[in-house]
Amino acid sequence: MINDKLPKIWHGGDYNPEQWDSEIWDEDIRMFKLSGIDVATLNVFSWARNQPDENTYNFEWLDDTIERLYKNGIYTCLATSTAAHPAWMAKRYPDVLRVDAYGRKRKFGSRHNSCPNSPTYRLYSERIAGKLAERYKDHPAVLIWHVSNEYGGYCYCDQCEKAFRVWLKDKYTTIEKLNKTWNTSFWGHTFYDWDEIVLPSMLSEEREGNESDFQGISLDYRRFMSDSLLDCYKLEYQAIRKQDAKNPITTNLMGTFPMLDYFKWAKEMDVVSWDNYPAIDTPVSFTAMTHDLMRGLKSGLPFMLMEQTPSQQNWQPYNSLKRPGVMRLWSYQAVGRGADTILYFQLRRSIGACEKYHGAVIEHVGHENTRVFKEVAQLGKELEGLSGSLLDARVPAKVAIVFDWENRWAIELSSGPSVALNYVEEVHKYYKAFYDANIQVDMVGVEEDLSKYDLVVAPVLYMIKDGFDKKIQEFVENGGTFLTTFFSGIVDENDLVTLGGYPGKLREVLGIWSEEIDALHPSSTNEIVMREKWSNKSSYSCNLLFDLIHTEGADVVAEYGSDFYKGMPAVTRNEFGKGKAWYVASSPDESFLKELMVQICTESAIESLLEVPAGVETTERVKDDTHYLFVLNHNSEKVQIDLKDGEYFDLLEGKSLHGKVELEEKGVFILRREKS
Ligand code: GLA
Ligand code: ZN
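Definitions and cut-offs
- Here the residue numbers are simple positions, counted from 1 along each chain's written sequence.
- Each chain takes a letter, starting from A, and each ligand takes a number, starting from 1, following the order in which they are written.
- Two thresholds apply to this predicted model, a pLDDT of at least 70 for residue-level local features and 80 or more for giving and counting side-chain atom pairs, whereas whole-chain, interface and lining totals are computed over all residues.
- Neither water nor hydrogens contribute to the side-chain values; these are computed over all heavy atoms in the structure.
- A pair of aromatic rings is counted whenever rings of Phe, Tyr or Trp (Trp by its six-membered ring) have centres within 6.5 Å, and the orientation is called stacked for planes under 30 degrees apart, edge-to-face for over 60 and tilted otherwise.
- Numbering of helices and strands runs from the N terminus; a helix is a DSSP stretch of H or I covering at least four residues, while a strand is a stretch of E covering at least two.
- The rule is simple: take the accessible area with a 1.4 Å probe, protein chains only, and divide by the maximum for that residue type; under 20% is buried, over 50% is exposed, in between is partly exposed.
- Lysine and arginine charges are scored as sitting over a ring when NZ or CZ, respectively, is within 6 Å of the ring centre and within 35 degrees of the ring normal.
- If even one non-hydrogen atom of a residue comes within 4 Å of a molecule or strand, that residue is called near it.
- Polar contact is defined as a pair of N or O atoms within 3.5 Å, subject to the rule that within protein one atom must be able to donate a hydrogen and the other to accept it, and that residues adjacent in sequence are counted only when both atoms are side-chain atoms.
- Three categories are distinguished: nonpolar for Ala, Val, Leu, Ile, Met, Phe, Trp, Tyr, Cys and Pro, charged for Asp, Glu, Lys and Arg, and polar for the others, with Gly belonging to the last.
- Only when DSSP finds a minimum of two bridges between them are two strands counted as paired.
- Contacts were defined at the residue level, with two residues in contact if any of their heavy atoms lie within 4.5 Å.
- Lines are fitted to the C-alpha atoms to define the axes, a helix being fitted only along its stretch in contact, and any angle between axes, read from their N-to-C directions, falls within 0 to 180 degrees.
- Those domain boundaries reflect an automatic or database domain assignment.
- Donor atoms are limited to N, O and S found within 2.8 Å of the metal ion, a distance that becomes 3.2 Å for Na, K and Ca. With water left out, some sites might look partial.
- Sites are called tetrahedral only when four donors show all angles between 85 and 135 degrees, square planar or octahedral only when four or six donors show opposite pairs over 155 degrees and all other angles between 65 and 115, and irregular in any remaining case.
- Here the positive residues are Lys and Arg and the negative ones are Asp and Glu; neither His nor the chain ends is included.
- Note on definitions: salt bridges are taken to be side-chain nitrogens of Lys or Arg within 4 Å of carboxyl oxygens of Asp or Glu.

S.K.: With reference to specific residues and values, describe the packing of aromatic side chains.
M.R.: In this structure the tally under the stated criterion is 37 aromatic pairs. Look at Trp-534 and Phe-592: their rings are 5.8 Å apart centre to centre, the planes differ by 25°, and that puts the pair in the stacked class. In this pair, Trp-534 sits in the loop between β17 (526-530) and β18 (539-551) while Phe-592 sits in helix α17 (residues 590-603), placing the two residues 58 residues apart along the sequence. Judged on exposure class, the residue Trp-534 and its partner Phe-592 are both buried. Among the aromatic side chains, those forming a connected cluster through ring pairs are Tyr-154, Tyr-156, Phe-164, Trp-167, Tyr-172, Trp-182, Phe-191, Tyr-221 and Phe-224. Here the basic side chain of Lys-131 rests over the ring of Tyr-57, its NZ or CZ set 4.8 Å away from the ring centre.

S.K.: I'd love a proper account of the site of ligand 1, names of residues and values included.
M.R.: Around ligand 1, the structure places Phe-45, Arg-111, Asn-149, Glu-150, Asn-252, Asp-275, Tyr-277, Glu-307, Trp-315, Phe-345, Glu-355 and His-358. Take Arg-111: an N or O atom from its side chain is 2.9 Å from an oxygen atom of ligand 1. A distance of 2.5 Å separates an oxygen atom of ligand 1 from a polar atom in the side chain of Glu-307. When the residues that make up the shell around ligand 1 are grouped by side-chain class, the tally is 4 nonpolar, 3 polar and 5 charged.

S.K.: Quick rundown of the sheet that holds strand β11 (residues 339-344)? Include the residues and the values.
M.R.: Spatial strand order, β7-β4-β3-β2-β1-β11-β10-β9-β8: 9 strands in an open sheet with parallel pairing. In the strand order of this sheet, the two ends are held by β7 (249-250) and β8 (252-253), each with one partner. Where strand β1 (residues 10-14) and strand β2 (residues 39-42) come together, 3 bridges link them in parallel fashion. When the bridges of β2 are listed, Gly-12 appears paired with Val-39. Against the sheet, helix α10 (residues 284-296) engages β8, β9 (273-275) and β10 (303-307), with an angle of about 125° to β10. Helix α11 (residues 326-336) contacts β10 and β11 of the sheet and is inclined by roughly 145° relative to β11.

S.K.: How would you sum up the domain arrangement of the chain? Please name residues and give values.
M.R.: Assigned domains within the chain: domain 1 (10-154 + 246-390), domain 2 (399-603) and domain 3 (616-673). Between the C-alpha centres of domain 2 and domain 3 the distance comes to 34 Å.

S.K.: Report on unusual backbone geometry, specifying residues and quantitative values.
M.R.: Along the chain, Gly-416 connects to Pro-417 via a cis peptide bond; the corresponding omega equals 0°. Looking at the secondary structure, you find Pro-417 in the loop between α13 (405-413) and α14 (423-436). Here the residue pair Tyr-502 and Pro-503 is connected by a cis peptide bond, since its omega of -5° sits within 30 degrees of zero. Tracing the sequence through the fold places Pro-503 in the loop between β15 (481-485) and α16 (507-510). One non-glycine residue, Ser-110, adopts positive backbone phi at about 60°. Overall, Ser-110 belongs to the exposed group, its relative accessible area being 63%. The backbone of Asp-624 sits at a positive phi, close to 45°, despite the residue not being glycine. Within the element layout of this structure, Asp-624 appears in the loop between β23 (616-623) and β24 (626-633).

S.K.: Can you explain the environment of Ala-397? Please cite residues and give values.
M.R.: Along the chain, the position of Ala-397 falls in the loop between α12 (371-386) and β12 (399-402). Using a relative accessible area of 14% as the deciding quantity, one classes Ala-397 as buried. Ala-397 sits 254 residues away from Leu-143 along the chain, and the two C-alpha atoms are 30 Å apart. With residues near it in sequence (within four places) discarded, Ala-397 still touches Gln-440, Val-441, Asp-442, Lys-452 and Tyr-453.

S.K.: Let's hear about the coordination of the zinc ion (ligand 2): which residues, and what values?
M.R.: Listed as protein donors to the zinc ion (ligand 2) are Cys-115 (SG), Cys-155 (SG), Cys-157 (SG) and Cys-160 (SG); their distances from the metal cover 2.3 Å. Here the zinc ion (ligand 2) binds 4 donor atoms, and the angle range of 99 to 117° at the metal identifies the geometry as tetrahedral.

S.K.: Lay out the side chain of Glu-205 in plain terms, naming residues and giving numbers.
M.R.: Relative to the helices and strands, Glu-205 is located in the loop between α7 (175-181) and β5 (206-207). Put simply, Glu-205 is tucked away with no salt bridge, and the nearest opposite charge, on Arg-207, sits 7.0 Å away.

Shown next, in the form of structure tokens:
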């Protein structure tokens, strides 16, 4: 449990009473109670209010707010306020200001704006976190610490450059080793002294769109920046821990956000929390994948949904409203995939600056007679009813999909073979095939124990980190099924090519070698022509990249249908030890992936949770041997669900269900399995 002071699914969100006059505070409380809000996230952007100068701290307003809420049954998720530095700090200590990739020093403004290597920022952020912890550690209202907010962005200032050199020295110890790793004999880049190294920016190695002339340098810079921001988080974490031994500490992540290596970050977090803001065209399967990824950061532990909008955002190009029922539906999607909290941004809609058109529980009209408020209140009541039944329940999966941020950086930085290759999209394609088949998936990092899975899929595993090839070999030898794709096994963790034929260290387990890689415009396709018969369809379309492979023991499942490599293998399967290793040499269309997943899952006896109509999502949580099956209807019409011989109890409606049942448009079942 995240904190047993509140043993239920938390319901609340970001609350900024400091933006309002005191007359409105009682009204806030009245409305919170009406909507079943029991947690308020406070103090996210209040540094300027808390600390008007170097030595003065004013926390009285926070004392009063925490107390007022607590007296009314509302707990606090307490932020440290360090996500935007005060104006006086920027004026007196310009080292807190970031420099952008074009070398332009920023002035005071916006947020998430502090240089992570600024001594001033580090000193004052650590100090205020410690002061807050000292003051509130024993407050019965405080449930969790929320350090800063949505860490992100890179800095290119001189102090970051100096810190980069120190980070590199630490990593490589000698300049010779660094030169070798970065392959600096290319274009005469040999460094004779650490001081000659500069940050890879628009002034040096990089261009817009993640283009870099030196992937090794750019890759290390991303690792360094992720580490620098993580160091800031850790300073605050430790300052809090020194005072408060009990309450958990988190910071809100952003799903597939590209800039930080979240697997590394999660190790420093007591519980993962994240902000879910799908765009108008984000597929629900993508959101599902992101929840699974956030759950995977800590090997399946439940996570917090720290933010979602009750209705609309303000920062997308098109800020569509969540249609009636959708907020509830997506909230249960989060819970079904491992969230133990439902929190919103924001509780009351602000009147000025850029978030005045961002949805909130309390809208500008100020009363409770709004669609959004009513939907929030209904959900609040339901979450109350679920009480603690689902807390800590796990999401069991037999399939793992590997996701790795450093691999992603290396692919994105790569010059060639194709600008159209998008790692996250390729991963999602495979994820979606399982999602559509109602098969539960864990999204895992390369450090995860693979032996608990029957099937491990690693799309575009371009970078093979030290030892991961051995881990895969062992997994397959012991009977596991492994699948990877084109553009895999190419480089080591420094983006240096593994010589001796692609896919490098995966060559043996896959029983193939790849001689060349063709890259065509995404609109040009080839065909995957089946040699094995899986269905009535004998050929599928593929595009993007096309590996020209030769088998070395693997069976050819399908071959290319055209071009000069017509007849060469397009899909292979290698028996290795007690298991199998598949290779998909191009990017197939959806129908092929569907067939492939059915084929592999049947062979591995991996079953779907339930057969449901298209547009219906299933996911399952399990606690103490009790199974809770979530059935989520994303369609705009009602559907019929066939529960077959299963006997279920719907926690939301409070009634037994079996056989054929109707599920409303945007409707949800949470089905406790009584007997199957
Ligand atoms: C982010 C931030 C919040 C708010 C919302 C708006 O998630 O953490 O402060 O700006 O976006 O969608
Ligand atoms: Zn900097």
